[in-house]
Structure formats: structure tokens, C-alpha cells
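Architecture and fold: a report
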Amino acid sequence: MDERWRISVDQNVCQGTGMCSSVASKHFELRSGHSYPIEPEIEPSDDVIDAAEGCPVEAILVKSTADDRVIAPEPY
Ligand code: SF4
């Protein structure tokens, strides 16, 4: 089966900078000052990795649906 990723945004942490929605506009949208995944499950996408790595507060978590492995952000 093809790999799929699950995206989540921690609303308690997101600062609403909009960085993720500009980096990956197909995958994140800002609503009322917070970012939300447009679709919670997606095909693997470099844009989403860039958004998760670029979020200044690491509010975005990307995991594999198959085994819950963390895809991004990379742990320090
Ligand atoms: S980049 Fe991070 S802090 Fe900024 S809107 Fe996206 S999730 Fe929120």
C-alpha cells in the first residue's frame, strides 16, 4: 500500500504566523488566527515537510499512517 501521512496542528501552540500556509498552501489554511490541515491525511509531500520544519514553534506534526512514525519535524 502506498505511504500516507497524517498531519496535525497543535492549536495550543500555533501562533498563526501563516508560514505553513504560504509554504504549503494546498495543505494548510489559516482560520481565526490558527492553521488547520486542509486534509488530515495526504500523499507524501515535500511542501508539508518544509512547513513542519519551518514552523517557528513546531506546532505541526507529520506522521506515517502505517506505523505512526514521525516524519517531521526531525527531533533535535
Ligand atoms: S507555521 Fe506554525 S505557527 Fe505559523 S501558522 Fe503554521 S502551524 Fe501556526
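Report follows, based on the coordinates. For clarity, every value in this text was computed on a predicted model and none was experimentally measured.

The local shell around the ligand holds 15 residues, among which Cys 14, Gln 15, Thr 17, Cys 20 and Cys 55 are the closest. The residue inventory of the shell around the ligand, partitioned by class, reads ten nonpolar, five polar and no charged.

Residues Phe 28, Ile 60 and Val 62 are the most contacted members of the largest nonpolar core, which totals 18 residues. Secondary structure elements with two or more residues in this core: strand S1 (5–9), helix H2 (46–54), strand S5 (60–64) and strand S6 (70–72). Residue contributions to this core peak at four residues, all from H2. Beyond its immediate chain neighbours, meaning those up to four positions away, Ile 60 contacts Ile 7, Ser 8, Val 9, Cys 20, Phe 28, Ala 51, Ala 52, Cys 55, Ala 72 and Pro 73.

For the rest of this paragraph, the subject is a negative patch on the surface. The grouping of Asp 46, Asp 47, Asp 50, Glu 53, Glu 58 and Glu 74 at the surface amounts to a negative patch. Residue position: Asp 46 is located in helix H2.

Attention now goes to the sheet that holds strand S4 (residues 41–42). Across the sheet, four strands lie side by side as S4-S1-S5-S6; this open sheet has antiparallel pairing. A strand with exactly one partner marks an edge of an open sheet, and here the two such strands are S4 and S6. Across two bridges, the pairing between S1 and S4 is antiparallel. Bridging from a neighbouring strand, Arg 6 pairs with Glu 41 of S4.

Definitions and cut-offs
- Residues numbered from 1 in each chain as written.
- Predicted model: local features only at pLDDT ≥ 70, side-chain atom pairs only at ≥ 80, totals over all residues.
- Heavy atoms only, no water.
- Near = heavy atom within 4 Å.
- Nonpolar A, V, L, I, M, F, W, Y, C, P; charged D, E, K, R; others polar.
- Core = buried A, V, L, I, M, F, W, Y, C linked by side-chain atoms within 4.5 Å.
- Buried < 20%, exposed > 50% of the residue type's maximum accessible area, 1.4 Å probe, protein only.
- Helix = DSSP H or I, 4+ residues; strand = E, 2+ residues; numbered from the N terminus.
- Contact = heavy atoms within 4.5 Å.
- Patch = residues over 30% accessible without salt bridge, like charges linked within 9 Å, V, L, I, M, F, W, Y side chains within 5 Å.
- Areas by Shrake-Rupley, 256 points an atom, 1.4 Å probe, with all protein chains shown as cover.
- Salt bridge = Lys/Arg side-chain N within 4 Å of Asp/Glu carboxyl O.
- Lys, Arg positive; Asp, Glu negative; His and termini not counted.
- Charge placed at Lys NZ, Arg CZ, Asp CG, Glu CD.
- Pairing = 2+ DSSP bridges.

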